[in-house]
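Structural description and commentary
Given next are the chains, with one letter for each unit.
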Amino acid sequence: MPGTRSSGLLALGGIALAAVLAVIGHLEVNDDLNPLSLTVSDFAVSDRGGVIDAAMAVLAAATAVLLPALRRAGADRVPVALLAAWSAGLLAAAVVPTNSPGLPMDTAAYVHRYASVLSFLALPLAGWLLARRPGGPPARRLRALTLTSLLLAVAMIWSAYPGDRAMIGLTERLLILTETALLATVALHLARAPRPANAVDSAVRAVDTVGAARRC
């Protein structure tokens, strides 16, 4: 399907752009911010409306591009809905800021937190369900990325609460990297979808078939 292939390629371009913007955002922030102990949101709030927020919005848009393509490719409604939840949660986290590091959490910070939690859980669940569909993205790779994502999510939850935020920044970045790889796997599968037969070629084959039948 041409539309499916185009959607996959467009999503891959969006994922790559989001990755570049995220790297730029980390390089431009204050040197006092430690990526091992501070989350991506902590970096983003120091440059509100900057390139990290833009990276999150671009990644959400790249996911949205995949949704109709997955339905055309035969994916079930549930994994597509979970991907939509990932996209919506990511966009909400980009639009609604968290609090600056060390300050008490306000309402916006709680919205940001739970939007992020929704995203981090919805994407691996969608990947697991997509891996169950025959003819879908590579099942073994999706399952491996899903399990890795869930383990990292558990590690991040432990760090955020009983772990006193130990290495929370590193854990979150590994989680984001894994989930981005999962999303890229889905996009690459769609981008590699086989092209439909050319209409002229199909007509020629039909004429040849009729001619062969008459000669028999």
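Keep in mind the model is a prediction, meaning the values are calculated, not measured. (Residues numbered from 1 in each chain as written. Predicted model: local features only at pLDDT ≥ 70, side-chain atom pairs only at ≥ 80, totals over all residues. Heavy atoms only, no water.)

**Focus on the overall build of the protein chain**
The helix and strand tally for the protein chain stands at 8 helices and 0 strands. For the protein chain, the sequential pattern of α-helices and β-strands runs α-α-α-α-α-α-α-α. Among the 216 residues that make up the protein chain, the fraction classed as buried is 41%. Counting only contacts in the protein chain whose residues sit at least 6 apart along the sequence, the fraction spanning at least 24 positions is 73%. With the model as given, the accessible surface of the protein chain reaches about 11,500 Å², and the carbon-plus-sulfur share is 67%. (Helix = DSSP H or I, 4+ residues; strand = E, 2+ residues; numbered from the N terminus. Buried < 20%, exposed > 50% of the residue type's maximum accessible area, 1.4 Å probe, protein only. Contact = heavy atoms within 4.5 Å. Areas by Shrake-Rupley, 256 points an atom, 1.4 Å probe, with all protein chains shown as cover.)

**Here's the deal with the packing of helix α5 (residues 107-131) against helix α6 (residues 139-160)**
One can describe the packing of α5 onto α6 by two numbers: an axis separation of 8 Å at closest approach and a directional angle of 155°. Compared by their axis directions, α5 and α6 come out roughly antiparallel. For the pair α5 and α6, the crossing hand works out as left-handed. Counting all contacts with α5, which are made through F120, P124, G127, W128, L130 and A131, the residues of α6 involved are A139, L142, R143, T146, L147, S149, L150 and M156. For the contact of α5 with α6, a count of residues per class yields 10 nonpolar, 3 polar and 1 charged. (Axes fitted to C-alpha atoms, helices over the stretch in contact; angles between N-to-C directions. Parallel < 35°, antiparallel > 145°, perpendicular 65-115°, else oblique. Left-handed = near helix turned anticlockwise from the far one by under 90°. Nonpolar A, V, L, I, M, F, W, Y, C, P; charged D, E, K, R; others polar.)

**Re the confidence of the model for the protein chain**
Averaged over every residue, the pLDDT of the protein chain is 87; residues scoring 70 or more account for 88%. The low-confidence segment residues 197-214 (pLDDT under 50) makes 2 contacts with residues lying over four places distant or belonging to another chain. (pLDDT = per-residue confidence, 0-100.)

**Looking at α6**
For an α-helix, 3.6 residues make a turn, and residues three or four places apart therefore share a direction. With 22 residues, α6 extends 31 Å between its outermost C-alpha atoms, agreeing within 8% with the 32 Å of an ideal straight helix rising 1.5 Å per residue. Inspection of α6 places L142, L145, T146, S149, L152, A153, M156 and S159 among the buried residues, and these make up the whole buried set. The arc that holds every buried residue of α6, seen down its axis, measures 145°, which confines them to one face. Of the exposed residues in α6, those oriented more than 90 degrees away from the buried face are R140, L151 and V154. (Expected span 1.5 Å × (residues − 1). Arc of directions from axis to C-beta.)

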